[in-house]
Amino acid sequence: MNPSKLYVIPIQLSDNSLLDPLLAYLTHDFGVPAEILRRELDLAKAYNVERDQYYSSMILAQLIENPPESAFRILGVTGLDIYIPVLTYLFGEAQFKGIGALVSTFRLRNEFYGRPSDAQLFEERLFKEAVHELGHTFGLPHCHYPGCVMNSSTDIDDVAEKMVSFCRACAQIVRQDRPL
Ligand SMILES: [Zn+2]
Ligand SMILES: [Zn+2]
C-alpha cells in the first residue's frame, strides 16, 4: 500500500472542534488526504512532575511506533504543555526527514497570555505550527525568507510574523516528496 495519508492523532485536546478545519487545511496545503487516527498513548511516561509538563520527544516516539502502512506523515495535536530538557516549552517538535511531528495548542491561545480570546488567531497559529513541524519532516531546516512558515518561532509574537505557507524554495522541496 502506498503511504498516502496524513494522519492526525488527537492527544488530550480540550476542544475537538479544531480538528476538522485542521484536516481540511492540511489536505489542501500538502495535497494529501488528512484523516484522524486514534492511538492510545502512555502519557504518564512522558510526564515530568517537577516541571508539570510532558517531554515532547517521548510523545513523538510513541506517535511513530508501528505506523499504519498508509501513513505518509503522522501529526500529533495535543492540548498538553510540552518541553524538551534544554527549553522551557515548545510549540512543536518533529523528526527531521522522518514521518512524525507533534504540535501543542497549550500556548497558542490568546487567553494563555491574558489577552482577549480570538478563535481565528488561534486557528491561524495552529495551522502555522502544524505546517511548520510537518515541514521539518520533509527535511526543511529553519528558513530566513521573510514570512516563510519555516521561520523559527520562539514566542507567540514570532508566530504572527510568518505566513501560513512555505516560501517558493521550501514549497519546492515539499512538493518533491508528495506520494501522489
Ligand atoms: Zn522549527
Ligand atoms: Zn522558506
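Basis of the calculations
- Residues numbered from 1 in each chain as written.
- Chains lettered and ligands numbered in written order.
- Predicted model: local features only at pLDDT ≥ 70, side-chain atom pairs only at ≥ 80, totals over all residues.
- Helix = DSSP H or I, 4+ residues; strand = E, 2+ residues; numbered from the N terminus.
- Rg over C-alpha atoms; globule rule 2.2 N^0.38 Å.
- Buried ≥ 20, exposed ≤ 12 C-beta atoms within 10 Å, placed from the backbone.
- Contact = placed C-beta atoms within 7 Å.
- Pairing = 2+ DSSP bridges.

Caption draft 1: Highlighting the overall build of the protein. Scanning the protein from terminus to terminus reveals five helices and eight strands. N-terminal to C-terminal, the α/β element order of the protein is β-α-β-β-β-α-β-β-β-β-α-α-α. Here the C-alpha radius of gyration of the protein, 15 Å, is about what a compact globule of 180 residues would show, namely 16 Å. Overall, the protein is about 45 × 35 × 30 Å in size when its C-alpha atoms are taken along their principal axes. Put simply, the protein has 180 residues, and 36% of those count as buried. Partitioning the intrachain contacts of the protein with sequence separation of at least 6 by distance along the chain shows that 64% fall at a separation of at least 24.

Caption draft 2: Region of interest: the sheet that holds strand S6 (residues 82-83). Strand order in the open sheet formed by three strands is S3-S4-S6, and the pairing between neighbours is mixed. The open sheet has two edge strands, strand S3 (47-48) and S6, and neither has a second partner. Here two bridges tie strand S4 (residues 53-55) to S6, and the two strands are oriented parallel to one another. For Tyr54, the partnering residue across the bridge sits in S6 and is Ile82.

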